[in-house]
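The lines below spell out each chain.
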Amino acid sequence: MNAPSNIKISVCGLPQSGKTTYLAALWHVLLSREVETSLKFSNLGRGDYTHLSLLAERWRAGVRQKRTLVSTDKVVTINVSNVASKQVALTFPDMSGEAFDHMWEARECFTSAADHLKARGATVLFIHADTIQSPQWVLDVVSLSRKLGVEVDATHPVSWSASLAPTQVKLVDMLQMLNSPPLAADGGKLAIVFSAWDKVAEERLSPSAFLATRLPLLDQYLRHGNHGYEFSIWGVSAQGGDYKGEDEMAPTGLEKLLALDQPSSRISVFGGEAETHDITEPIAWLVN
Amino acid sequence: MAADVVVCANPQCKVAETGKCLEGLEVSQCPQFGKTPTASLAAEVSQSAIPVNSGEKLASLTAEDVLRAGPGKVIAIIGPIEAGKTTLIASTYDLFQKGAINKIQFCGSRTMIALEKACHNSRAASLRERAHMARTKLGTFGYYHMHVSQGLDHTKTHFLLADRAGEEYLTAASSPSLLRDFPEVQRADVVTVLLDGERLLTQDTRHNARAALMQVIQALFESLPRMGKQRLAIVLTKYDEILRAGQAGELAKRDFEAAVASIRKSFGGRFAGIESFIVAASPAHDVLAFGYGMPELLEYWIEDFRAGHAELNYQPELLRAMDRILVE
């Protein structure tokens, strides 16, 4: 049997953008074989799956993932076969969103993250669809406040801080950094994944239209910038609804999710024409 | 008594300055919070890191590298103190935040940190009641960069927008030889000269504002090296103030039109083109939309893609003369 080709996938995104939840759901779906998927689980081989198993355990139990710490980045490898039955070993560093925040704010990249990023063959960028910080202007806010008869409290102006930047600015700069020395890798494919898609499904926009509407600066950059990426966009609900934190009461709707016979059917993926439960779709597009 | 100092064992964590844990945790949950950063502990919890692009304004040499990478435009923006030079740049960038500007698309920027800083005081996140632009400090000259695409063939252009303190232009207007030392003015594809609309509204500043404009144009006339190659944009700023000023505003508009007519008459042959614009880049009042007049100015800046690749590290004549002497 031919040795599997190894594809290193960088999973990028700001803090709490759904990276770890996606990995948890992906591992469950592949191993459980509950739903039809584009990528099929191949074998465990000699890997250590402790980290993935713990993530999937929390996911199945309806418990939110713990924050991935900068100091405890994990690298996981999953052996799969694609639609052409080609064996592929997918390597994902489970990188902390704070590492990406640090790049924007401190203008430096942790060496461990840089090593992963420079070696990547493909990239997934996660964006939490429901926590996008859009830019707002003093003129608009003050004008609206006055129309509503609300007092504007400007007694304590806030000094500039990189953390105040709109989400789309941070993401454009992140992609630019990934394309420039010292982190540049060979272009490749870029899957844009809007996580928590169930939260914005009411807007009835395709993921592509959502990008253009909610993140127009990123949309322009992706469609017109000299970045060399071939990109595609998905909306993914990896949980199906809200999960609970440890020692928290279950939020509305969780009971219904947990009652589903197949946990994989909590997942919704919007990419092409139809909604599916196949969370491997973005990764399959990257490796096919 | 000194206040308690907030510390973290990880020297890379800036929680003391920003209140934000590097790990994104509540400080009560962070195992490193509150510990003194001793060398051994720091080595255990911190990570080595490599620098990435600073995102700050570009120095002239870096700007040259950008121009070598593809077609580019250098825009010099000249005006008195607080006329709104940085506001024009910040407003252009902020309009891209909402989408394409008259089919001109944003393709990226090497100076996103600098642009974000420039925009901050007109953003709601600043918690201000009125948009305000911080003055460019003396000695902080540099270029803001935006890469844009235009037209059906998506022609791409690197925009380098020069940012220099108003005081320096004020001095140079009285001594044209100084303008020859400003690389952005010498290399500019479009020299953009501002007339502060607010200063036209009061009798004690009105005549001086017009006179200062004429003096700057005269200084340019005497110092620009590329006869007939550079275009001139004359921009009336803070149009929202003019609109609110009633009769004084009407007078201000007439003053501006008269100044433009005079410039065309006296200096028309010196420039490849002269156009006037009226803008409210970041209005303080909601009589006009944010970025009023900026799309037209941006289109003027971007038109004509035949920009050359002249060097930005322009050598003043004196230096060149000395070089000649040395060579001889």
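Provided above is the structure to which this section pertains.
Residues numbered from 1 in each chain as written. Chains lettered and ligands numbered in written order. Predicted model: local features only at pLDDT ≥ 70, side-chain atom pairs only at ≥ 80, totals over all residues. Heavy atoms only, no water.

A closer look at unusual backbone geometry
A negative phi holds for most residues other than glycine; trans holds for most peptide bonds. This is how the line gets drawn: Think of it this way: any DSSP run of H or I at least four residues long counts as a helix, any run of E at least two long counts as a strand, and we number them from the N terminus. Accessibility here uses a 1.4 Å probe with only protein chains present; expressed as a share of the type maximum, an area under 20% marks a residue as buried, one over 50% as exposed, and anything in between as partly exposed.
The residue after A:Pro181, namely A:Pro182, is reached through a cis peptide bond having omega 5°. Of note in the backbone geometry, A:Asp247 takes a positive phi value of approximately 60° without being a glycine. Tracing the sequence through the fold places A:Asp247 in the loop between strand E8 (230-237) and helix H9 (254-259). Even without being glycine, B:Glu82 reaches a positive phi, approximately 60°. With respect to the helices, strands and loops of the structure, B:Glu82 is situated in the loop between strand E2 (72-78) and helix H4 (85-96). Owing to a relative accessible area of 47%, B:Glu82 belongs among the partly exposed residues under this scheme.

Things to note about the sheet that holds strand E7 (residues 189-195) of chain A
Residues and elements named next belong to chain A. Heads up, the rule is: Strands are labelled as partners when DSSP assigns at least two bridges between them.
A sheet is described by the order of its strands in space; here 9 strands give the open sequence E2-E3-E4-E1-E6-E7-E8-E9-E10, paired in mixed fashion. Both edges of this open sheet fall to strand E2 (40-41) and strand E10 (275-276), since each of them pairs with a single strand only. Both strand E6 (residues 122-128) and E7 contribute to a ladder of 7 bridges, which runs parallel. Within E7, the position partnered with Ala-122 by the bridge is Lys-189.

Describing the interface of chain A and chain B
Heads up, the condition is: Two residues form a contact once any of their heavy atoms are found within 4.5 Å. In short, buried area is how much 1.4 Å probe accessible area vanishes from two parts on joining, totalled over both. One speaks of a salt bridge when a side-chain nitrogen belonging to Lys or Arg is within 4 Å of a carboxyl oxygen belonging to Asp or Glu. As used in this structure description, the phrase polar contact means that two N or O atoms lie within 3.5 Å; if the pair is within protein, one of them must be able to donate a hydrogen and the other to accept it, and residues adjacent in sequence are counted only when both atoms belong to side chains.
Contacts between the two partners involve 55 residues from chain A and, on the opposite side, 54 residues from chain B. For the pair chain A and chain B, the summed buried surface comes to about 4,600 Å²; carbon and sulfur atoms form 60% of the total. The interface formed by chain A and chain B includes 1 salt bridge. Put simply, chain A and chain B have 22 residue pairs in polar contact (both at pLDDT 80 or more) between them. Of all the secondary-structure elements, those providing two or more residues to the side of chain A that touches chain B are helix H3 (97-106), strand E5 (108-110), helix H4 (111-118), helix H5 (138-147), helix H6 (167-178) and helix H8 (216-224) of chain A. Counting residues per element, the side of chain A that touches chain B draws most heavily on H5(A), at 7 residues. Inspection of the sheet shows E5(A) paired to strand E1 (residues 49-51) of chain B by 3 bridges, in the antiparallel sense. For A:Phe110, the partnering residue across the bridge sits in E1(B) and is B:Ala49.

Some points on the packing of H6(A) against H8(A)
Residue and element names in this part refer to chain A. Which entries qualify depends on this criterion: Angles run from 0 to 180 degrees between N-to-C directions of axes, and those axes are lines fitted to C-alpha atoms, restricted for helices to the stretch in contact. Any angle that falls under 35 degrees is termed roughly parallel, while one over 145 is termed roughly antiparallel, one within 65 to 115 roughly perpendicular, and all others oblique. In this scheme, a crossing is called left-handed if the near helix is turned counterclockwise away from the far one by less than a right angle; it is called right-handed if the turn is clockwise.
Running from amino to carboxyl end, H6 crosses H8 at an angle of 25°, the nearest separation of the two axes being 8 Å. Here H6 is positioned roughly parallel relative to H8, judged by the angle of their axes. Classified by chirality, the crossing of H8 by H6 is right-handed. On H8, the residues touching Gln-168, Val-169, Leu-171, Val-172, Leu-175 and Gln-176 of H6 are Pro-216, Leu-217, Leu-218, Tyr-221 and Leu-222.

Concerning the pairing of strand E6 (residues 190-196) of chain B
Residues and elements named next belong to chain B. Counted residue by residue, E6 has 7 buried out of 7 residues, so it is predominantly covered. Burial of the side chains of E6 extends over both faces: Val-190, Thr-192, Leu-194 and Asp-196 are buried on one face and Val-191, Val-193 and Leu-195 on the other. As judged from the 4 bridges shared by E2 and E6, these two strands associate in the parallel manner. The residue of E6 that forms the bridge with Ile-77 is Thr-192. With 7 bridges connecting them, E6 and strand E7 (residues 231-237) associate as parallel partners. In the strand pairing of E7, Leu-195 is matched with Leu-236.

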